[in-house]
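Here's the letter readout for the chains.
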Amino acid sequence: MADGWTSDTGEAVYRSRDAVKNLKIKVRIQRVTSAAAISQHLQQQVLSHQDRGGIELSTLAPTGTEISEELVLGWQEKLFSQYEVDLFQTEAACQTPLDRQYHAEIAALLRGKGRRNGRIFTYTDSDRFTSWEEHSESLVTPGTSGPTFLAERMANVRHRKQERCTGDSIVPKSKLVNWEPSQEFMKNSHIINTPVQTMHIMGDLGPPGKLGLKESEHVLCTIRAYKNGVVTIKPDFNNSKGPYSRLETAGGTRELWRLTLVNASKAIGAEEREREQRMYRDVGYRIWSMLNPPTGILRLIVNGEIVSAEGFEYDNLYIHFFLELPNNWFSLPFEPLSGVTQTCRTRTLGKDNVAFFCYPFSFESFFQSEDESEESLPRWPVLYFKVLSLDYWQRYRTEGYGYLVIPSAHGCHRMTCQTWRPVQNGTVAELRRFFIGGSPELEDSSYARVPSTFKGERLSRLGFRTETSGSVTLTLHCIQQARAFVDANSLKKRRQTVLDQLGGHSQQGSVYNVLEAFQRARRRMQEARETLPRDLISTISPVPRSSESTA
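Residues numbered from 1 in each chain as written. Predicted model: local features only at pLDDT ≥ 70, side-chain atom pairs only at ≥ 80, totals over all residues. Heavy atoms only, no water.

- Within an unreviewed UniProt entry, the label attached to the chain reads Meckel syndrome type 1 protein, and the organism entered is Denticeps clupeoides.
- As recorded by UniProt, the Subcellular location (unreviewed entry) comment attached to the chain reads in full: "Cytoplasm, Cytoskeleton, Cilium basal body". (UniProt positions renumbered as here; feature names shortened; annotations may be inferred.)

### Re the pairing of strand 4 (residues 120-123)
Part 1: Taking every second residue as pointing to the same face, both faces of strand 4 are buried, with I120 and T122 on one and F121 and Y123 on the other.
Part 2: With four bridges connecting them, strand 4 and strand 5 (residues 196-204) associate as antiparallel partners. Note that in strand 5 the partner of T122 across the bridge is I201. (Buried < 20%, exposed > 50% of the residue type's maximum accessible area, 1.4 Å probe, protein only. Helix = DSSP H or I, 4+ residues; strand = E, 2+ residues; numbered from the N terminus. Pairing = 2+ DSSP bridges.)

### Section: the nonpolar core
Part 1: Counting 30 residues, the largest nonpolar core has L383, V472 and L474 as its most contacted members.
Part 2: Going through the elements one at a time, strand 10 (298-310), strand 11 (317-324), strand 15 (352-367), strand 16 (382-390) and strand 19 (466-482) are the ones with two or more residues in this core.
Part 3: Once residues lying within four places of it in the same chain are set aside, the contact partners of L383 are F321, F322, L323, F361, F363, G402, Y403, L404, I406 and L474. (Core = buried A, V, L, I, M, F, W, Y, C linked by side-chain atoms within 4.5 Å. Contact = heavy atoms within 4.5 Å.)

### Focus: the side chain of E335
Part 1: Locating E335 in the fold gives a position in the loop between strand 12 (329-330) and strand 13 (338-340).
Part 2: Taking the relative accessible area as the measure of exposure, E335 reaches 17% and is therefore buried.
Part 3: Apart from the residues within four sequence positions on either side, E335 is in contact with S362, F363 and E364.

### Overview of the environment of K214
Part 1: The topology assignment puts K214 in the loop between strand 5 and strand 6 (217-226).
Part 2: With relative accessibility at 35%, the residue K214 sits in the partly exposed group.
Part 3: Linking K214 and E84, residues 130 residues apart in sequence, is a C-alpha distance of 10.0 Å.
Part 4: Those residues within four positions of K214 in sequence are excluded, and the remaining contacts are Y83 and Y123.

### Some words on the environment of E310
Part 1: Mapped onto the secondary structure, E310 falls in strand 10.
Part 2: For E310 and G470, which are 160 residues apart along the polypeptide, the C-alpha to C-alpha distance reads 5.7 Å.
Part 3: Dropping the residues within four chain positions of it, E310 is found in contact with D352, N353, V354, G470 and S471.

### Re helix 3 (residues 97-111)
Part 1: In a regular helix each residue adds 1.5 Å, so 15 residues correspond to 21 Å; helix 3 covers 21 Å between its end C-alpha atoms and thus fits that length.
Part 2: Every buried residue of helix 3 is accounted for by D99, Y102, H103 and I106. Each buried residue of helix 3 lies within a common arc of 105° when the element is viewed along its axis, so the set occupies one face. Turned more than 90 degrees off the buried face of helix 3, the exposed positions are P97 and R111.
Part 3: Looking at the buried residues of helix 3, the elements they touch are helix 2 (82-88). (Expected span 1.5 Å × (residues − 1). Arc of directions from axis to C-beta.)

### Notes on the packing of aromatic side chains
Part 1: Within this structure, the stated rule accounts for 17 aromatic pairs.
Part 2: Plain terms: the ring middles of Y384 and Y403 are 6.4 Å apart, the flat faces sit at 45° to each other, and that makes the pair tilted. Taken together, the positions of Y384 in strand 16 and Y403 in strand 17 (residues 396-405) put the pair 19 residues apart, joining distant regions of the chain.
Part 3: Among the residues examined, Y384 registers a relative accessible area of 0% and is labelled buried.
Part 4: For the ring pair Y392 and W393, a centre distance of 5.3 Å and an interplane angle of 85° mean the geometry is edge-to-face. (Phe/Tyr/Trp six-rings, centres within 6.5 Å; stacked < 30°, edge-to-face > 60°.)

Listed below in C-alpha cells is the structure:
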C-alpha cells in the first residue's frame, strides 16, 4: 500500500548565494482514509495489468472523504493556526509586544476576509518553538528515534532566550570565565550558538470541526538558514519522488496523511543573472588587483574614522570632508572621495563639549610618477574638513575649517587637528550669527592651507581675520602597496637622495624601503621562474583584467 510514497525523510542541505527572502515553498497535505488508500492501490494494480480489462474501475472508487490543502509560503511568513486565533483574539492573554502585535494582526484578519489558510500554519523565528517540540510533534519523524542529549540542552537554551527578562535578575559578579573547566562542566555547557534563523511549517491534523487542539499540531517541514548561505530543509523537496506519508489514529479510525513539498521559488532572470555574474567578476578582479598591484604604481588605502569634535561654540555638529589628490595621484572612476557625517549632539566632559561621531570612511588612491627620473618625494593627499552646526530653528553656522595630510608611513595613526573659522569686524556679524545664523565662509575649503592650485611664492592673507574654534580627532589606518619599476642601482640612488633631503629621517623613506624590498622579491621570482620547465610555464595563464570597474 506504500506504492508511490516516500519514506526517506532525511534533511537536505543547500548552498545559495541568493537572499533567503526569495525562498518560496509550495506545501500540500491530503488526508485519505484507509478504504480510499486501498482503492487507489487496487486501481494502480489494475492499470498495470491491461489484459484484465474486464474489471470495472468504478467499483473501486474511493468511499472516504478526502481533505486537502495547498499553500505557497515565503520565508518567515506568518500564518496563524486556529489555536493562535482563539488565544490572541483576547487582548488580556497578550503579555509580550509580539503577542500584542499578533492580536492586532488577527483583529485585522477577522475584520477583513479572514485567514487564507485552514490546517497549514507557520512558526517563525520569533515564536516560542524549540527543537524538542519539533521532534515530538514532527509529521515524518519515526517513532523509534529519540532526541539526543545535545538536542535537549539546546531546547532548554532556546526556551530561556525566549523568556522575558525580569527587573530583579542577578548577574554574577565573579567567575564569569571558568579557566579550569571540569569534564562535567564541559558536558553540561556543551551547546551550539551559531547565528541561524528557523521557520517551521505546521499542520493541524485534527478531525473536521475540532481544529485548534495543541495535540493535533504536527511539524510538516523545518527550514533553517545560516549566515554563510547554507539552507537546510527537513524533509527535502519531493521533486520526482512520491509524497511523504504518516499513519495517524484519531477516534479509532486509521487515517493516512500525505505531504508534498515543492520548491516554488522564482527563477532568476537572464538580466539579473548577467548582472550578478558581472558583479562576481568585478569582485574577483578587485581581489586579484589587490594581491597583484600594477608595476610602477604605489597603492594607498586609507581606512579612517572621525572619532570626535570638541571645543566648538554650538551644539548639533556635523562635518563635511573631502580628499584632495595632488599631481600624479588618481583614483578609480566610482571611488567616492567626499562625505558628510551624521548630526551629533555634544556632551560635557570636563570643561569642553564633546561630540562623538565614530564615523568610518575609506579612500583608495594610486600614485604613478610621469617622470621616473624625478628625484623628489611625492606629495601626499590632503583631507579637508569643515565643521558646521544646525540647531532646532534651522540656524546654520560654520564652526571651523581644518585639514590633515595623509601620513606617509603605514600603520595606525591617531591625530587631533585644530580648526579655525573666519570672522568679520564689529558686533553686527556676531549678533547675526547668534540670532539668525550664518557666518563668513570660505569659497574654496582648500584655502584652509596653501592650496595645491596656488602657483605663487607666498600666499597673502592681509586683512583676513580668523578665530581659533575647536579640534577634530581622527584615526587613520594606512596601507601601502607597491611594485618596483626601476632597476636596483637607480633605486638606491633615489633612496640616498631622499635620505639626504630628509636629513636622515628614515620614517619618510619607508615607502622607498618597500619599493626596494619589492624589487628584490621580483628579481628572486624571475630567477625562480627561469628554472621552471617550459611546458609548465606555458600552462600558466594570467588573470584577465577589466578596462573599467562595474561596481
